[in-house]
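What follows is each chain in one-letter form.
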Amino acid sequence: MAENAQSLSDDRIQYLEGLVRRGRTAAAVFTQYTQQDVDRLVKAIVLAGLDQAQYLARLAIEETRLGVLEDKAIKNMVATEFVYNYVRDRRSVGVIGEFPERGLVEVAEPIGLIFSILPITNPTSTVLFKCIMALKTRNAVIFGPHPKAWQCCREAIRIMYETAVKHGAPEGVFACLESPTIPDNNYLMRHKEVKLIDATGGPGAVKAAYSSGKPAMGVGPGNTPVYLEKTAHLDMAVVDIITSKTFDNGTICASEQTVVIDDEIYDQAIRKFADLGAHICNAKETAILGQALVDPDTGFLRPMAIGQKATDIARACGLRVKPETKLLVAPIEGVGRDHPLSVEKLCPVISVYRAHSAEEALRVCVDVNHLGGLGHTAVVFSRDDEIIRRFSEAINAGRIIANSPGSIGALGGVYNDMVPTFSFGCGTGGGNSTTDNVNLYHYLNIKRVARRTQAHMWFRVPNQIYFNFNAVENLRDFRSHSTLIVTNPLLEQMGHLDKVRHSIPPETPVRVLAIPDAEPEVKAVLEGVEALKMHAADQIIALGGGSVIDAAKIMKLKYVSPEADLDELAAPFLDIRKRAVEFPSAKNRQVRLIAIPTTSGTGSEVTPFAVLLDKERGRKVTLADYSLSPDVAIVDPQFVMTMPKNLTADTGIDCLTHALEAGVSIHASPYTDSNAMQAIRLAFKYLPMAYENPRDEEARSMMHNAACIAALAFSNASVGVNHALAHAFGARFRVGHGRANALMLPHVIAYNASVPTKFMPSPNQRGYLAHKKYALMADLLGLAGDTVADKVKSLVLAVEQLLDRLEVPRSIWELGISEEEFERALPELAKVAFDDPSWRSNPRMPLVSELVELFRAAYRGRGPANADTAVQVGAKEWSCV
Amino acid sequence: MEPQRLIEGLDLAAARAASGTGEVLVDFSVVGRIDSKTAAALEQLAALAGEHSVKVALRGVHGDVYKVLKLLKLTERFWFVS
């Protein structure tokens, strides 16, 4: 039962409920109809409407006393023939749109029962239009006509209804309120079975519709400004304006209201209006018209003038005009309450304004637009595209009609290719939900079937990778006019720099920049850029660990793109493929970056990442972009033969972590998998050998390769939650990156292998794969286990055994950090880890509470492979494996 | 099925429901579509069944017809059997 029934009698409520019941049943039954069914029905009512166009026009004129018989008949024909022409071949049942390239399908769903308010100005044509829309979309409608137009509307609805039912439409599909009242409207607008209100009418009806709390389309008044610009085709413009403004005696709300004319053509235009049958009012006549037509209290046109002939209006106001006068033209000098005729006038009275510049003309048009016409319609006559563009930007109107009549132009389909309608959406400016010409798509719920699509993926690596002993000799193939070697002092002392220099063609001018062996600082990078500029370098050779290579990457970036804003480029992102910032592309300088790593872990020689320390602000800046990737990597194990044992272990664990995390990443692909798996195999075999026998050339060589291969994988698949934890912990307690990774690694494997609390959205994967990928790794390593769960446990155990062989701390407490201190740091650690971008490609989305538990597990040490101290971060294991 | 025959069947079912005896089973397996009159007859049948606490089962209701019943809030008032 609807609210607001107080002012209705029981009988009236029963009557309204009956209408609703029938309409609701009809709408439900209508859902079974096919496209062919509705198209047959639509064609039948269109033909009936065309057949009765003149009859209905006459009824409308006789009842409303508004408008022109001939024009009303044309409106009825436009409402049927033109609208039918638009809808006839459009699908409105089932699948209505298919976009295979986007994996999208649109499916129509009817709305149900619609309550539709009809205007007095265009009563029968609006009925015809709305009936076609409703049948085409399988909806039922209860019509609420204007009280002074309900008989003609009732007859139009009867014709439509009987024709539709005769051709198979559901009984009750259309109904017309008998003797409609505002309380009837209010009752129906709030009725729970009414699913949509479509109100075409005055501001009161539109406001009531929007106030009902129901989805509503409300289309109300306008105040159409016209800019008649000096380049316009004047003959065409004046005829168009007269045609439009006199059509049905100006009752279409899109018709022209105030014409703003450039001074240069003003007198000529006015003469043409007069020549074509308009009466040009003098100042006194304008004042009389304004007083007579516009109610000074409301500021609106008095109802008695709506839709009347120009001669009748003139007579009523005491003006003497020629009998053939079709339009009253009233010059005004401003817009607003002091200029009554600047408001909407739904009659053949138009105001004109002389503008002395385009700026003034646009200002006045904006003023008219804002005086009750926001969102509706505006017209511009000009042959200057720039003027049309400026007009369309200045004016807020759903329809900006260029070089054609406003009223007929706005209806669509006659003078332009807009959608034919009898309902103009006015957007938020008019308090409406749409600026569209209301059409069949507004009578539908459109469902979208979105098929799963695969994101475009890639595998990007440097152009050239040279490896094995003495690979550095390949430098001789790279010609350069000026080369800068970036390295650190220690490597210079160790003789590595000389080995590089000897491999560079002797004619190449070479300079050396030694920077501290630590994360690169902004200052060092800027010094490097200055050196590059000074020597006009076209080649950079980065010889060192990850820090040196990272520094060289950023030097190159700033050298080739001085405008690069490192702060902006370091903006966080979720997916590198979709991030907001764009790295600059080198425009003027082409510089080759050759990376020669002297450790076997970071893989910086092939990665698109670089970390910069901003000491002034006390923070790290991480840059990621494939433009940072070195052009050439030289993976020569001779440079790692003297790595100390602890560095061998730490960097080797970093390499293994890269591979393990890339292997289960949500961005993993067959391309990254092949690299990750190979790196895991190499690391398990050769890392302990390189650690225990540092002079073992094969072990060193293979671990050097493993680091690079793992980096090829994580450059494209990224890392995971292990790195997020290690970054946070390492920074807080000043623990090396590899060592910090080692503390987390067994726990993270167990965590990722268990059933996630939250899954990470991963469109490129079918189901959760992490545990199965770990099992695959176990198979690759020849570990024991019959089930996936067993294999995961074997992998964890193998990792733990490897870490033990590398003699790295296995728990945080072993580092001498007290439990109290650690617990105090935990909230911040978890926060920093959660802010770290590394986990965003982790297969399992970590909750902050889970990060806390992972840290606690790492504090206690010894992972899930040890049954006595097993850490059960994941709530349960997979039962399906 | 002819709508008129279907309505006759529903009227028969309504009469049985009104008598308050046992359960009523209506076979819809050959009904591809219902019209407004049939929908009204089903509403009446549901009302009578509720009034006399008679269980009414509809057999083999097609998807499109089920949706009509759903929109008319009749699905919770009938039993559906395959």
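Here, residues in each chain are numbered from 1, in the same order as that chain's written sequence. For naming, the first written chain is A and the first written ligand is 1, with later ones following in the order written. Restriction of local features to residues with pLDDT of at least 70 applies here, the model being predicted, together with a cutoff of 80 or more for giving and counting side-chain atom pairs; totals for whole chains, interfaces and linings are based on all residues. For side-chain calculations, the full set of non-hydrogen atoms in the structure is used, while hydrogens and water are omitted.

## Notes on the overall build of chain A
Secondary structure elements are defined from DSSP: runs of H or I of at least 4 residues count as helices, runs of E of at least 2 residues count as strands, and each element is numbered from the N terminus. Scanning chain A for helices and strands turns up 29 helices and 23 strands. Against the compact-globule benchmark of 29 Å for 881 residues, chain A has a radius of gyration of 39 Å, which places it well outside the compact range. Along the three orthogonal principal directions, the C-alpha set of chain A runs to about 115 × 65 × 50 Å. Residue contacts are defined here by distance: any two heavy atoms, one from each residue, within 4.5 Å place the two residues in contact. Intrachain contacts of chain A at a sequence separation of at least 6 include 75% that bridge at least 24 residues. Reported accessibility uses the Shrake-Rupley method at a 1.4 Å probe radius. Residues are deemed covered only where the shown protein chains occlude them. Carbon and sulfur atoms form 51% of the exposed surface of chain A, whose accessible area is close to 35900 Å². Neither His nor the chain termini are counted; the positive set is Lys and Arg, and the negative set is Asp and Glu. For the purpose of locating charges, the reference atoms are NZ of Lys, CZ of Arg, CG of Asp and CD of Glu. Side chains of chain A carry 94 positive and 101 negative charges; the gap between the two charge centres is 3 Å. For the radius of gyration, the atom set is restricted to C-alpha positions; the globular benchmark scales as 2.2 Å times the number of residues to the power 0.38.

## Some details on the overall build of chain B
Within chain B one finds three helices and three strands. Once the C-alpha set of chain B is aligned to its principal axes, its extents read approximately 30 × 25 × 20 Å. Buried positions account for 40% of the 82 residues belonging to chain B. Taking the intrachain contacts of chain B between residues at least 6 apart in sequence as the baseline, contacts between residues at least 24 apart amount to 69%. Accessible surface computed for chain B: about 4500 Å², of which carbon and sulfur atoms make up 53%. A 1.4 Å probe rolled over the protein chains alone gives each residue an accessible area, and that area as a share of the maximum for its type sets the label: buried under 20%, exposed over 50%, partly exposed in between.

## Comments concerning the interface of chain A and chain B
Residue-level contacts link 14 residues of chain A with 15 residues of chain B. The term buried area means the drop in 1.4 Å probe accessible area that two parts suffer when joined, counted for both and summed. Carbon and sulfur atoms supply 46% of the area buried between chain A and chain B, which totals about 1200 Å² over both sides. Within this document, salt bridges are pairs made up of a side-chain nitrogen of Lys or Arg and a carboxyl oxygen of Asp or Glu, the two lying within 4 Å of each other. Where chain A meets chain B, there are five salt bridges. Examining the composition of the side of chain A that touches chain B, we find that five residues originate from one element, helix H1 (residues 10-30) of chain A, more than from any other. Under the scheme applied here, ten amino acids are nonpolar (Ala, Val, Leu, Ile, Met, Phe, Trp, Tyr, Cys and Pro), four are charged (Asp, Glu, Lys and Arg), and all others, including Gly, are polar. Tallied by class, the residues present in the side of chain A that touches chain B amount to five nonpolar, four polar and five charged.

## What about the packing of aromatic side chains?
Residue and element names in this part refer to chain B. Working definition: a ring pair exists when centres of Phe, Tyr or Trp rings (six-membered ring for Trp) sit within 6.5 Å. Plane angles under 30 degrees give stacked, over 60 give edge-to-face, the rest tilted. Under the counting rule described, the total for this entry stands at 13 aromatic pairs over all chains. Between Tyr 66 and Phe 80 the ring centres are 5.0 Å apart and the planes differ by 70°, which places this aromatic pair in the edge-to-face class. Here Tyr 66, found in helix H3 (residues 63-71), pairs with Phe 80, found in strand E3 (residues 79-81); they are 14 residues apart in sequence, far enough to count as distant. Looking at Tyr 66, the relative accessible area reads 34%, which means it is partly exposed.

## Description of the domain arrangement of chain A
Domain delimitation follows an automatic or database domain assignment. Taken domain by domain, chain A consists of domain 1 (33-219), domain 2 (224-404), domain 3 (464-639) and domain 4 (645-869). The C-alpha centroid of domain 3 of chain A is placed 70 Å from the C-alpha centroid of domain 1 of chain A.

## Focus on helix H13 (residues 358-370) of chain A
Residues and elements named next belong to chain A. Along its 13 residues, H13 runs 18 Å from first to last C-alpha, staying within 8% of the 18 Å computed at 1.5 Å per residue. Structurally, H13 contributes buried residues whose contacts are with strand E8 (224-228), strand E9 (256-262), strand E12 (349-355), strand E13 (375-381) and helix H14 (385-394). Phi for Gly 372, located one or two positions after H13, is positive at around 95°. One fewer than the residue count of a helix, multiplied by 1.5 Å, yields its expected span.

## Let's talk about the pattern of salt bridges
All names here are of chain A. Inspection of the entire model under this criterion finds 43 salt bridges over all chains. Here Arg 158 makes a salt bridge to Glu 162, at a shortest N to O gap of 2.8 Å. Of this pair, Arg 158 and Glu 162 are both found in helix H6 (residues 150-166), four residues apart, which corresponds to roughly one turn of the helix. Under the relative-accessibility criterion, Arg 158 is labelled partly exposed at 36%. For Glu 162, a relative accessible area of 46% corresponds to the partly exposed category.

## Side note on the sheet that holds strand E15 (residues 444-450) of chain A
Residue and element names in this part refer to chain A. Paired strands are those between which DSSP finds at least two bridges. The strand order E1-E2-E15 describes an open sheet built from three strands, whose pairing is antiparallel. Two strands bound the open sheet, and with one partner strand each, they are strand E1 (95-99) and E15. The sheet shows a mean angle of 20° between the axes of neighbouring strands, direction not considered. Inspection of the sheet shows E1 paired to strand E2 (residues 104-110) by four bridges, in the antiparallel sense. Within E2, the residue paired with Glu 98 across the bridge is Val 105. The axes are straight lines fitted to the C-alpha atoms, using for helices just the contacting stretch, and the angles between their N-to-C directions are given from 0 to 180°.

## Here's the deal with the pairing of strand E20 (residues 592-597) of chain A
Residue and element names in this part refer to chain A. Of all six residues making up E20, five are buried, and the element is well covered by its neighbours. Pairing of strand E19 (residues 539-544) with E20, which is carried by six bridges, proceeds in the parallel orientation. Paired with Ala 542 across the strands is Ala 595, a residue of E20.

## Points about helix H22 (residues 670-692) of chain A
Because the α-helix completes a turn every 3.6 residues, residues three or four places apart line up on one side. Here H22(A) spans 33 Å end to end across 23 residues, near enough to the 33 Å set by a 1.5 Å rise per residue. To get the bend at a given residue, fit one axis to the seven residues ending there, fit another to the seven starting there, and take the angle between those axes. In H22(A), a bend of some 35° at Tyr686(A) exceeds every other bend along the element, and Pro688(A), a proline, comes one to four places later.

## Points about the packing of helix H3 (residues 53-64) of chain A against helix H5 (residues 123-136) of chain A
Residue and element names in this part refer to chain A. Two elements in contact, H3 and H5, have axes separated by 8 Å at closest approach and are oriented at 135°. In terms of orientation, H3 and H5 fall into the oblique class. Only Pro 123, Thr 124 and Leu 128 of H5 make contact with H3, whose side of the interface consists of Leu 56, Ala 60 and Thr 64. Each angle receives one of four descriptions, namely roughly parallel if under 35 degrees, roughly antiparallel if over 145, roughly perpendicular if within 65 to 115, and oblique otherwise.

## Quick notes on the sheet that holds strand E23 (residues 632-635) of chain A
Residue and element names in this part refer to chain A. Sheet architecture is open: six strands sit in the order E16-E23-E20-E19-E17-E18, paired in parallel fashion. In the strand order of this sheet, the two ends are held by strand E16 (464-467) and strand E18 (510-514), each with one partner. Going from strand to strand, the sheet's axes swing by 15° on average, the running direction of each strand aside. Of the pairings in the sheet, the one linking strand E17 (residues 483-487) to E18 comprises five bridges and is parallel in character. Across the sheet, residue Thr 487 finds its bridge partner in E18, namely Ala 514.

## Re the environment of Ile634(A)
Considering the arrangement of structural elements, one finds Ile634(A) in strand E23. Taking the C-alpha atoms as reference points, Ile634(A) and Gly720(A), separated by 86 residues in sequence, lie 27 Å from one another.

## Description of unusual backbone geometry
The phi angle at Arg734(A) is positive, at roughly 55°, despite the residue not being glycine. With respect to the secondary-structure elements, Arg734(A) resides in the loop between helix H24 (721-733) and helix H25 (737-753). The exposure class assigned to Arg734(A) is exposed, which follows from its relative accessible area of 79%. Positive phi outside glycine occurs at Ser53(B), with the angle close to 50°.

## Considerations on the environment of Glu519(A)
Residues and elements named next belong to chain A. For Glu 519, the position within the fold is in the loop between E18 and helix H18 (522-534). Separated by 26 residues in the primary sequence, Glu 519 and Gly 545 have C-alpha atoms spaced 9.9 Å apart. The residues contacting Glu 519, other than those within four sequence positions of it, are Ser 547, Val 611, Leu 613 and Lys 620.

## With respect to the nonpolar core
Only buried Ala, Val, Leu, Ile, Met, Phe, Trp, Tyr and Cys residues count toward a nonpolar core, and they belong to the same one when joined by side-chain atoms within 4.5 Å. Among the nonpolar cores identified, the biggest contains 158 residues, and Phe174(A), Leu228(A), Leu289(A), Leu293(A), Phe28(B) and Ile34(B) are the most heavily contacted of them. The greatest single-element share of this core, amounting to nine residues, is contributed by H1(A). Formed jointly, this core draws a minimum of three residues from each of two domains, domain 1 (33-219) and domain 2 (224-404) of chain A. The contacts of Phe28(B), once residues within four sequence positions are left out, are Leu6(B), Leu10(B), Ile34(B), Leu42(B), Leu58(B), Arg59(B), Gly60(B), Val61(B), His62(B) and Val65(B). Residues Ala706(A), Ile709(A), Val792(A) and Leu806(A) belong to the second largest nonpolar core, which totals 41 residues.

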